[in-house]
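Chain and residue survey
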Amino acid sequence: VDGVKFWGSPYTPRFGAWAFMKDRGLDIKRHWDLIPEGTDVLITHGPPIYKGDYAPYSAKNVGCQHLHEAVQIIKALWTNERATFSGKHYSIRDATCNPRPLQKPRPAIWIGGSGNLLISVLVKHGDGCNFGIGPRLALTPEKFKERLSVLEEKCKKIGRDPKSVKKSLSAVIV
């Protein structure tokens, strides 16, 4: 996409025995600090903390709090003349983003996955969802239809038109 700066990383905070893991804390923060200034679209292997990151097999949230806060800051910078944020890891006061993105009201925010918490976050903050990320999470046609129904119900509860959410599906073809 001409003029849009992408930055991607396969790394995520360590959990389980997966590949591309970095230790939580300073190790993962150093990695997130590599995100170049002016990045328009951030693509990562794992979610930020509390954003669709609950892993039932380990009974804990596995996402990255540093990234969760960074995304909140980016969204605030994209949509406000001045942004203030105070979190556990980052804080800004009256910060600006200049030049601001050309996309109005801001660049699209896509969220990947299909869990209930993730869909709730998507409905409130996202523009699009890529359902069924990864081979272990691939959705059958029936499950995809069920996930779309959940999305529609959650949209209706907050007065959002479900058609305003762009949808895509990651599928595993054997």
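Definitions and cut-offs
Residues numbered from 1 in each chain as written. Predicted model: local features only at pLDDT ≥ 70, side-chain atom pairs only at ≥ 80, totals over all residues. Heavy atoms only, no water. Pairing = 2+ DSSP bridges. Helix = DSSP H or I, 4+ residues; strand = E, 2+ residues; numbered from the N terminus. Axes fitted to C-alpha atoms, helices over the stretch in contact; angles between N-to-C directions. 1 Å grid on protein atoms, 1.4 Å probe; cavity = no way out; pocket = protein on both sides within 12 Å on 5 of 7 lines; lining within 4 Å. Points joined across faces, edges and corners; volume = space filled by probe spheres on them. Nonpolar A, V, L, I, M, F, W, Y, C, P; charged D, E, K, R; others polar. Buried < 20%, exposed > 50% of the residue type's maximum accessible area, 1.4 Å probe, protein only. Contact = heavy atoms within 4.5 Å. pLDDT = per-residue confidence, 0-100. Lys, Arg positive; Asp, Glu negative; His and termini not counted. Salt bridge = Lys/Arg side-chain N within 4 Å of Asp/Glu carboxyl O. Polar contact = N/O pair within 3.5 Å; in protein donor to acceptor, adjacent residues only side chain to side chain.

1. Thoughts on the sheet that holds strand β10 (residues 128-131)
Pairing within the open sheet is parallel, and its three strands lie in the order β9-β10-β11. Lying at the two open borders of the sheet, with one neighbouring strand each, are β9 (110-112) and β11 (166-169). Neighbouring strand axes in the sheet, compared pairwise and without regard to direction, differ in orientation by 20° on average. In this sheet, β10 lies alongside β9 in parallel orientation, the contact comprising three bridges. Bridging from a neighbouring strand, I111 pairs with C129 of β10.

2. Let's talk about the layout of surface pockets
In this structure, the second largest pocket spans a volume of roughly 840 Å³. Considering the residues around the second largest pocket, the lining is formed by 26 residues, among which P36, E37, G38, T39 and I74 are closest to the centre. In terms of residue count, helix α2 (residues 65-79) provides more of the lining of the second largest pocket than any other element does, five residues in total. Per-class residue counts for the lining of the second largest pocket are 15 nonpolar, six polar and five charged.

3. What to know about the environment of A95
By the element assignment, A95 lies in strand β8 (residues 91-95). Classification of A95 as buried rests on a relative accessible area of 18%. Along the backbone, A95 and T84 are 11 residues apart, and their C-alpha atoms lie at a distance of 6.5 Å. Non-local contacts of A95, meaning those with residues more than four positions away in its chain, are made with L77, E81, R82 and A83.

4. Thoughts on the confidence of the model for the protein chain
Any segment with low pLDDT has predicted coordinates that should not be analysed in fine detail. Looking at the protein chain as a whole, its pLDDT mean stands at 77, while 72% of the residues score no less than 70. Across the protein chain, the secondary-structure element scoring lowest on mean pLDDT is strand β5 (residues 54-55), at 57, and the one scoring highest is strand β7 (residues 83-86), at 94.

5. A look at the environment of L169
Tracing the backbone through its elements, the reader meets L169 in strand β11. The exposure class of L169 is partly exposed, given its relative accessible area of 38%. Taking the C-alpha atoms as reference points, L169 and G113, separated by 56 residues in sequence, lie 9.3 Å from one another.

6. Quick look at the side chain of R160
Structurally, R160 is set in the loop between α4 (141-158) and β11. Despite its burial, R160 pairs with no opposite charge, the nearest such side chain being D127 at 4.7 Å. Within polar-contact distance, the side chain of R160 engages the backbone oxygen of V123 at 2.8 Å. Residue contacts for R160: discarding those within four places in its chain leaves L122, V123, G126, D127, C155 and V165.

7. Thoughts on the pattern of salt bridges
All chains considered together, the criterion is met by five salt bridges. Two residues, R100 and E81, come together in a salt bridge whose shortest N-O distance is 2.7 Å. Pair noted here: R100 is in the loop between β8 and β9 and E81 is in the loop between α2 and β7, with a separation of 19 residues, a long-range link. A relative accessible area of 27% places R100 in the partly exposed class. Assessed through its relative accessible area of 58%, E81 is described here as exposed. The shortest N-O distance in the salt bridge between E146 and R147 comes to 2.9 Å. Linked through salt bridges whose partners overlap, the residues forming this network are K143, E146 and R147.

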